[in-house]
Amino acid sequence: MDGPDGYVMVFAPAPVLTVTIDQPSDETELHLHPGGQGVWQARMIMSLGVPVVLCASLGGEIGQVLEPLLITEGVRLKRVLRDTASGGYVHDRRNGARQEVADVPGHPLRRHELDELYNLALGEGLRAPVSVLSGPGEPSLVPPDLYRRFAADLGANGGRVVADLSGEHLDAVLASGLFFLKVSHEELLRDGRARSADEDELTRAMYDLHAAGAETVVVSRAEQPAFALVDGEVLEVVMPRLEAADPRGAGDSMTAGVAAVIAREGDIRTAIRTGAAAGALNVTRHGLGTGRLDSIAGLVDRVRLVPAGNRPQERTTPEELADRAAGR
């Protein structure tokens, strides 16, 4: 993460409160954290040593709890207070797998709240070298046109816009242009951008996304290597397999890794390799958007970008990874 000082503005319009019930030993534990895509991305960006300005809206009793929790995370919080309520969820992980107990998405932002949030985030984004546009969780909370305007205004003023979106929100930002786009193959299938998960079909979808406005595109493929469209070439992101403790959050961590490197003026290929390493390390942990900088740095050198195609993957044990991170 060498390079000149830089930071990232993360647009997280509707963070949520996450409550997780766990029992790793004899005693039951209760964990309260701020969550949502933008929060998880911000957490990983900070793990990589890059400061974050988080722009969000908070409201209701949940919002009152979220604000101090977000500040404790270490982000520089810029928030708009809402008349409507923020959302949250409760998960029970005592049996090993996550079981949803309750999910409250929150209420859509009202017009004046959207105006205030847009002005706040735009001001911060114009000062940041990189801005990450994260999804609102429930699509109805924030209209796609807000994202379109945001991407257009930042891009027109020299900002680098990184997006991790799908559906109508992705359609909106593509019309304005993006520096980097991360999308999953499941989202491409769901949105009708790809007819199957075949390599040829995903490649076609990536070129379509590039033609629509995304300079660089990465498609995550669950446990399979991601594809990256860089400078007109489709590459496979080949890396060691690691045993997952919690498979969620890898894509968000990948986006965060890319944004962190670009904010420090790194090149796009190093950014993708760092993002892949951050995503791989995240799934070995139970906390979303978490990871040790030394461990991620130790894994980056083992991530390769090769011409797309079937490639065998090496397998790395946790002991080998620890030795590499320690320089042994």
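Residues numbered from 1 in each chain as written. Predicted model: local features only at pLDDT ≥ 70, side-chain atom pairs only at ≥ 80, totals over all residues. Heavy atoms only, no water.

1. Observations concerning the pairing of strand β12 (residues 224-230)
Here is step 1: For β12, a buried count of six out of seven residues is recorded, marking the element as mostly surrounded by other parts of the structure.
Here is step 2: Pairing analysis gives four bridges linking strand β11 (residues 214-221) to β12, with the strands arranged antiparallel. Among the inter-strand pairings, R221 is bridged to a residue of β12, identified as Q224.
Here is step 3: The loop that links β11 with its antiparallel partner β12 comprises two residues; one of these, A222, has a positive phi angle of about 55°.
Here is step 4: Inspection of the sheet shows β12 paired to strand β13 (residues 233-238) by five bridges, in the antiparallel sense. In the strand pairing of β13, A226 is matched with V237.
Here is step 5: Remark: two residues form the turn of the hairpin made by β12 and β13, two consecutive strands paired antiparallel; D231 in that turn has positive phi of roughly 50°. (Buried < 20%, exposed > 50% of the residue type's maximum accessible area, 1.4 Å probe, protein only. Helix = DSSP H or I, 4+ residues; strand = E, 2+ residues; numbered from the N terminus. Pairing = 2+ DSSP bridges.)

2. Quick look at the confidence of the model for the chain
Here is step 1: In this model, the chain carries an average pLDDT of 87, and 86% of its residues clear a pLDDT of 70 or more.
Here is step 2: Looking at the elements of the chain, mean pLDDT is at its lowest for helix α11 (residues 318-325), recorded as 43, and at its highest for strand β1 (residues 8-11), recorded as 98.
Here is step 3: The model gives residues 285-290 a pLDDT under 50, and that stretch makes 25 contacts with residues more than four places away or in other chains.
Here is step 4: A low-confidence stretch, residues 310-328 stays under pLDDT 50, and its non-local contacts, those more than four residues away or across chains, total 33 contacts. (pLDDT = per-residue confidence, 0-100. Contact = heavy atoms within 4.5 Å.)

3. Quick notes on the sheet that holds strand β9 (residues 160-164)
Here is step 1: With mixed pairing, the ten strands of this open sheet are ordered in space as β5-β4-β1-β8-β9-β10-β11-β12-β13-β14. The open sheet has two edge strands with one neighbour each: β5 (76-82) and β14 (304-307). The mean inter-strand angle of the sheet, taken between neighbouring strand axes irrespective of direction, is 20°.
Here is step 2: As defined by bridge partners, strand β10 (residues 178-184) adjoins β11 across six bridges and the pair is classed as parallel. Bridge pairing in β11 places S184 opposite S220.
Here is step 3: Of the strands in this sheet, β1, β4 (52-59), β5 and β8 (130-134) touch helix α3 (residues 111-127), which is tilted by about 165° from β5.
Here is step 4: Against the sheet, helix α5 (residues 167-174) engages β8, β10 and β11, with an angle of about 160° to β10. (Axes fitted to C-alpha atoms, helices over the stretch in contact; angles between N-to-C directions.)

4. Quick look at the nonpolar core
Here is step 1: Counting 51 residues, the largest nonpolar core has V8, I45, L54, I268 and I272 as the members making the most contacts within it.
Here is step 2: Setting aside residues no more than four positions away along its own chain, I268 makes contact with F179, F180, T216, V230, V258 and I262.
Here is step 3: Core analysis: the second largest hydrophobic core is formed by 43 residues, V53, L146, L188 and F227 among them. (Core = buried A, V, L, I, M, F, W, Y, C linked by side-chain atoms within 4.5 Å.)

5. Observations regarding unusual backbone geometry
Here is step 1: Not every positive phi belongs to a glycine, and D231 is a case in point at roughly 50°.
Here is step 2: Position of D231 relative to the elements: it lies in the loop between β12 and β13.
Here is step 3: Under the relative-accessibility criterion, D231 is labelled exposed at 68%.

6. Concerning the packing of helix α4 (residues 144-156) against α5
Here is step 1: One can describe the packing of α4 onto α5 by two numbers: an axis separation of 8 Å at closest approach and a directional angle of 25°. Compared by their axis directions, α4 and α5 come out roughly parallel. Both α4 and α5 take part in a crossing whose hand is right-handed. For the pair formed by α4 and α5, the contact residues are P144, Y147, R148 and A151 on the first element and E168, H169, A172 and V173 on the second.
Here is step 2: Here the residues of the contact of α4 with α5 are counted per class, giving five nonpolar, one polar and two charged. (Parallel < 35°, antiparallel > 145°, perpendicular 65-115°, else oblique. Left-handed = near helix turned anticlockwise from the far one by under 90°. Nonpolar A, V, L, I, M, F, W, Y, C, P; charged D, E, K, R; others polar.)

7. As for the side chain of S131
Here is step 1: Within the element layout of this structure, S131 appears in strand β8.
Here is step 2: Ignoring anything within four residues of it in the chain, the contact list for S131 reads M9, G125, L154, R160, V161 and V162.

8. Let's talk about the packing of helix α1 (residues 37-47) against helix α8 (residues 250-263)
Here is step 1: Two elements in contact, α1 and α8, have axes whose closest approach is 8 Å; the angle formed by their N-to-C orientations is 50°. Our classification of the angle between α1 and α8 gives oblique. Relative to α8, the crossing made by α1 is right-handed. On the side of α1, the interface is formed by Q37, W40, Q41, M44 and I45, while α8 contributes D252, S253, T255, A256, A259 and A260.
Here is step 2: Of the residues belonging to the contact of α1 with α8, the class tally is six nonpolar, four polar and one charged.

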